[in-house]
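Residue-level structural notes
For reference, the chains in residue letters:
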Amino acid sequence: MRRTRIIGIGAGLAVVAVAATSGVMAMDDQGKTTITAYFDQATGVYAGSDLRILGVKVGTVESVQPRGKEVRVTLKLDEGVEVPADAHAVVVAPSLVADRYVQLAPAYTGGARLEDDAVLPAAANATPIEVDQLYESITELSTALGPDGANADGALSELLDTGANNLDGNGKAIGDSVEQFGKATKTLDRSSGNLFDTLAYLQTFTTMLKDNDGNVRAAEQQLNSVTGFLADDKENLSAALTELGKALGQVKGFIQKNRGALKKNVDLLVPLTQTLVDQRASLAESLDTLPLSAGNVLNAYDPANRTLNGRTNLNELSMGGPLTDPESAAGPEGLAPVDTARQKALPVLPLPAVGTVYGTPEKTGTQQKKEGTE
């Protein structure tokens, strides 16, 4: 009976311990983010391995379970740590003997965040190459290049010998080439904007050519026709160019022989050209009025009598004018003033005075003759 009681007490304590442990674990998991990552392989990753971001521990690996050809790794991210939605997982091996850890990249800088129970597929994750895989690759390469492979007939050895002979003594030149190539890449890097602008302009130009393909073809055909025409008449063209060369030679000789006379004639043309420049307004007016004058001459010509008929206003040439009294230059009421200065400047003609004297018309000789007749 006592033994049964002890067993019951022990079982109760075990249940309490399990419950307490589960409660503590549940409390520890509160606020953490669960992430499931799949890898092609997860060598060296165990439950309890570190989960890091930029080398800083931010959680742990909860479990590692194989799932067919992939390995499922469950990660626990500490509370308050943010990870971008496009993050991926990488298994990192610090050294050949150290424990590996899982790292999430990139670090969060803003935007959408990775939610709880997120899944990272194997295609987005990466694992380091294993040492045995590296050795296996080296073995395969050496076998492929060895006597049982590419060097079965000594081709690889001959290639190496030829390369050694060609490179012998050219070390400095190769070093200079590498240095110049480095400078060229720096120049291209500094001028990357101009380079890309040039490429963009070339793209625009080629697009324009593509859009105007018909016009480009027509231009090419016309150019082809012109070149064909020149090819057909190349003899005539050659003769013409030869004669042109001779003519230019003769002109050159003439200029050389008569340089002084040509200079003198050009100097004599200077006053004439200067006069034309100074009188360009008068020349322009003459060119405007000459057609009218020519038309008037044609209209005045009488072909029947072979005379030029015209009419002149003699009052404009009269010396006396409508006012004989210089002091009455203002004129009678209702008449315009007389320009006596202009009249004095006109030539003196033997014409009777016409017009009005103090408002009374003078009688001309013709009028007096008519009155006497009447």
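None of the values given here were measured: they were computed from a predicted structure.

About the thresholds
- Residues numbered from 1 in each chain as written.
- Predicted model: local features only at pLDDT ≥ 70, side-chain atom pairs only at ≥ 80, totals over all residues.
- Heavy atoms only, no water.
- Phe/Tyr/Trp six-rings, centres within 6.5 Å; stacked < 30°, edge-to-face > 60°.
- Lys NZ or Arg CZ within 6 Å of the ring centre and 35° of its normal.
- Pairing = 2+ DSSP bridges.
- Helix = DSSP H or I, 4+ residues; strand = E, 2+ residues; numbered from the N terminus.
- Axes fitted to C-alpha atoms, helices over the stretch in contact; angles between N-to-C directions.
- Buried < 20%, exposed > 50% of the residue type's maximum accessible area, 1.4 Å probe, protein only.
- Salt bridge = Lys/Arg side-chain N within 4 Å of Asp/Glu carboxyl O.
- Contact = heavy atoms within 4.5 Å.
- Polar contact = N/O pair within 3.5 Å; in protein donor to acceptor, adjacent residues only side chain to side chain.
- Core = buried A, V, L, I, M, F, W, Y, C linked by side-chain atoms within 4.5 Å.
- Patch = residues over 30% accessible without salt bridge, like charges linked within 9 Å, V, L, I, M, F, W, Y side chains within 5 Å.
- Areas by Shrake-Rupley, 256 points an atom, 1.4 Å probe, with all protein chains shown as cover.

We now examine the packing of aromatic side chains. Counting across every chain of the model gives zero aromatic pairs. In this arrangement the basic side chain of Arg52 is found over the ring face of Tyr101, its NZ or CZ atom lying 4.1 Å from the centre.

Right, let's get into the sheet that holds strand E6 (residues 101-105). Strand order in the open sheet made by the seven strands is E5-E6-E2-E3-E4-E1-E7, with mixed pairing throughout. Single-partner strands in this sheet number two, and they are strand E5 (88-92) and strand E7 (118-120). The mean inter-strand angle of the sheet, taken between neighbouring strand axes irrespective of direction, is 30 degrees. Note: strand E1 (residues 33-39) against E7, three bridges, orientation parallel. Following the sheet pairing, Ile35 is matched in E7 by Ala118.

The linkage connecting Ala105 with the following residue, Pro106, adopts the cis geometry, with an omega of -5 degrees. Along the chain, the position of Pro106 falls in the loop between E6 and E7. The phi dihedral of Leu54 is positive, around 55 degrees, even though this residue is not glycine. Structurally, Leu54 can be placed in the loop between strand E2 (50-53) and strand E3 (56-67). The residue Asp117 is not glycine, and still its phi comes out positive at about 65 degrees. The exposed category is assigned to Asp117, whose relative accessible area is 55%.

Right, let's get into the pattern of salt bridges. Per the counting criterion, the structure on display carries 11 salt bridges. In this structure, the salt-bridge partner of Arg113 is Glu82, at a minimum N-O distance of 2.9 Å. Here Arg113, found in the loop between E6 and E7, pairs with Glu82, found in the loop between strand E4 (70-77) and E5; they are 31 residues apart in sequence, far enough to count as distant. Overall, Arg113 belongs to the partly exposed group, its relative accessible area being 45%. With a closest N to O distance of 3.8 Å, Lys183 and Glu179 form a salt bridge. Here Lys183 pairs with Glu179, and both are found in helix H4 (residues 171-190), just four residues apart, close to one helical turn. Taking relative accessible area as the criterion, Glu179 reaches 43% and is therefore assigned partly exposed. Among the charged side chains, a salt-bridge network with shared partners connects Asp50, Arg52 and Lys57.

Along the chain, the position of Arg100 falls in the loop between E5 and E6. Owing to a relative accessible area of 15%, Arg100 belongs among the buried residues under this scheme. Taking the C-alpha atoms as reference, Arg100 lies 7.3 Å from Ser49; in sequence the two are 51 residues apart. Those residues in contact with Arg100 that sit more than four places away from it in its chain are Thr43, Gly44, Val45, Ser49, Val91, Val92, Ala93, Pro94, Pro128 and Glu130. A distance of 3.1 Å separates the side chain of Arg100 from the backbone oxygen of Thr43, its partner in a polar contact. Separated by 2.8 Å, the side chains of Arg100 and Glu130 make a polar contact.

A separate point is the nonpolar core. Residues Leu75, Val102 and Leu104 are the most contacted members of the largest nonpolar core, which totals 22 residues. Top element by residues in this core is E4. It accounts for four residues. For Val102, the contacting residues outside a window of four places in its chain are Phe39, Val45, Asp50, Leu51, Arg52, Val61, Leu75, Ala89, Val90 and Val91.

To continue, consider a nonpolar patch on the surface. On the surface, Val226, Phe229, Leu230, Leu237, Leu241, Leu244 and Leu248 cluster together to form a nonpolar patch covering roughly 670 Å² of accessible area. Elements represented by at least two residues in the nonpolar patch include exactly helix H6 (213-232) and helix H7 (234-257). For the nonpolar patch, the leading source of residues is H7, giving four residues. Positionally, Leu244 belongs in helix H7. The exposure class of Leu244 is partly exposed, given its relative accessible area of 47%.

Honestly, it's all geometry; don't read function into it.
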